[in-house]
Amino acid sequence: MPIFHRTALAQELATHILDDDLAPARSGLFLGARRRTGKSTFLQQDLCPELKRRGAIVIYADLWEERDQDPGDVIIEAIREELARHDSVVMRFARSAGMERVNMGGVAFTMDRVGLGKQVSLAKALAMLSDECQRMIVLIVDEAQHAITTDKGSNALYALKAARDKLNMGPHHGLRIVATGSNRDKLAMLVEWKDQAFFCAPMKEFPPLGVDYLNWICKRAPASAALKAGALSTLFERSGYRPEWMQIGLNALASRDNWIPEEAAAVFAEAIESRADSRIQNLLALIGLLSPLQSAVLRVLAAQGRRFVPFWNRTLETFRLVIEQDDGNDVDEPINVETVQQALDALKDKGFLWRSVHGVYALEELGIREALEEGRLLTESTQRVTLMGRQAA
Ligand SMILES: Nc1ncnc2c1ncn2[C@@H]1O[C@H](COP(=O)(O)OP(=O)(O)OP(=O)(O)O)[C@@H](O)[C@H]1O
Ligand SMILES: [Mg+2]
């Protein structure tokens, strides 16, 4: 599938990341954008090549792609892979581990000696790589919020902070850590909590694809369709800036040959609208299968976002109110810390929620909130704790 390259954005970000005088760049850079908006494609196809072109060593780890693996392992493995590419670095490790005759004695320095609590720490390994190659290292952690869902992932982030502090001082050549995430609430935890590895790192909105991309889409449609970027922009906004949905429009034009030029825009739009509707209906159908308490917990969390405090008495009352008033159901199960915890666990297992190692919950993706909004399920009752909390303050 061809992609639209964002060269200017890659250049702008590369300058920001590599610039030695920009103090914030030294503490890393966080890019937030919604799901399926092209983050990984941009990082791999545009940003990594641009950073390499400017002489940096680039290490890329996508914590979402390898979902069955511990995020900490994904980060460590990406670093090991890069180290293994540099023979001179491997030789230096071997020597420092007392394996002078690494190739002759049949004893090799294997990369599993690098990692957390291992013979060679991540900071030491990255410093050696940077010194040996005399180049800056840029480590890109895609979907970084997953790192704080496990202890190992969290520890890997702390180790990276130590590495960053070490490499950005003294004789080394610098380490920049670029992180992306699809949920600002989650990413904010990495940046705003003072015990977190990236406290105070600048957070930037990763800009969605724009009008130049829509022009590119128009050119890929049959010429007789005469699509106009301006007319597609509302549709693109409605599709949450997801390129895949524009592709659905193009596919509809390609697969149907009975449209006349005047109808082309409508055929394109209809395909996208119908995809948007079915996505929301599917999500609402899944939500409809939840138990009354699970459903109430999900809606209250979605409505209250970062202000959600699951076990406050007031919140427990709100769950009851939602079940009784919004749903017209009797509350026939106890609502207490234990049952709410069970509901949260079930929602996490079903893929609705995300939980950090600290026990903070957030929606797994923003699309769930959108579906709840469209289904008019984020009622006044679901907001209730926030309002009372404000009054009490
Ligand atoms: N610049 C682009 N031009 C054309 N298609 C694109 C572009 N960027 C992304 N896409 C398409 O959009 C889809 C989602 O892209 P990608 O996986 O990069 O997004 P993402 O934001 O990383 O998603 P996720 O939230 O799942 O990690 C892919 O099918 C990809 O091919
Ligand atoms: Mg991605």
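Values in this document were obtained by computation on a predicted structure and should not be read as measured data.

About the cut-offs
- Within each chain, residue numbers correspond to sequence positions counted from 1 in written order.
- Chains carry letters from A onward and ligands carry numbers from 1 onward, assigned in written order.
- Residue-level local features of this predicted model are given only where pLDDT is at least 70; pairs of side-chain atoms are given and counted only at 80 or more, and the full residue set underlies all totals for whole chains, interfaces and linings.
- Processing note: side-chain calculations cover all non-hydrogen atoms of the structure and skip hydrogens and water entirely.
- These domain boundaries are the output of an automatic or database domain assignment.
- Whether two residues are in contact is decided by their heavy atoms, any of which lying within 4.5 Å being enough.
- Defined here as a combined quantity, buried area equals the accessible surface (1.4 Å probe) lost by two parts on assembly, summed across both.
- Put simply, a salt bridge is a Lys or Arg side-chain nitrogen that is within 4 Å of an Asp or Glu carboxyl oxygen.
- Polar contact is defined as a pair of N or O atoms within 3.5 Å, subject to the rule that within protein one atom must be able to donate a hydrogen and the other to accept it, and that residues adjacent in sequence are counted only when both atoms are side-chain atoms.
- A run of DSSP states H or I qualifies as a helix once it reaches four residues; a run of E qualifies as a strand once it reaches two. Both are numbered from the N-terminal end.
- Note on exposure labels: buried denotes an accessible area under 20% of the residue type's maximum, exposed denotes more than 50%, and partly exposed covers the range between, all computed with a 1.4 Å probe on protein chains only.
- For this quantity, the arc is that covered by the directions from the helix axis to the C-beta atoms.

1. Some remarks on the domain arrangement of the protein
Here is step 1: Here the protein is partitioned into domain 1 (7–205), domain 2 (211–286) and domain 3 (290–392).
Here is step 2: If you average the C-alpha positions of domain 1 and of domain 3, the two centres end up 36 Å apart.
Here is step 3: Between domain 1 and domain 3, the contact holds 20 residues from the first and 14 residues from the second.
Here is step 4: Roughly 1400 Å² of surface becomes buried between domain 1 and domain 3 when both sides are summed, with 56% attributable to carbon and sulfur atoms.
Here is step 5: Linking Arg-34 and Glu-370 is a salt bridge whose minimum nitrogen-to-oxygen distance equals 2.6 Å.
Here is step 6: Where domain 1 meets domain 3, there are two residue pairs in polar contact (both at pLDDT 80 or more).
Here is step 7: At the level of elements, α7 (151–167) and α8 (184–192) are the ones that each hand at least two residues to the side of domain 1 that touches domain 3.
Here is step 8: Among the elements that make up the side of domain 1 that touches domain 3, the one with the highest residue count is α8 (five residues).

2. Considering helix α9 (residues 211–220)
In an α-helix, one full turn covers 3.6 residues, which means residues spaced three or four apart are oriented alike.
Here is step 1: Buried residues of α9: Tyr-213, Leu-214, Ile-217 and Cys-218, and no others. Down the axis, α9 shows its buried residues gathered within 145° of arc, on one side only.
Here is step 2: Elements in contact with the buried residues of α9: α10 (229–238), α11 (243–255) and α12 (264–288).

3. Quick notes on the environment of Phe-4
Here is step 1: Locating Phe-4 in the fold gives a position in the segment before α1 (7–18).
Here is step 2: It is 13 Å that separates the C-alpha atoms of Phe-4 and Leu-47, two residues lying 43 residues apart in sequence.
Here is step 3: Sequence-distant contacts of Phe-4, defined by excluding residues within four places in its chain, comprise Asp-46, Leu-209, Asp-212, Tyr-213 and Trp-216.

4. Notes on unusual backbone geometry
Here is step 1: In this structure, Gln-134 takes a positive phi of about 55° despite not being glycine.
Here is step 2: In this fold, Gln-134 is placed in the loop between α6 (122–133) and β3 (137–142).
Here is step 3: With phi around 60°, Tyr-241 is a residue other than glycine that occupies positive phi space.
Here is step 4: Looking at where Tyr-241 falls in the secondary structure, it is placed in the loop between α10 and α11.
Here is step 5: A relative accessible area of 27% means that Tyr-241 is categorised as partly exposed.

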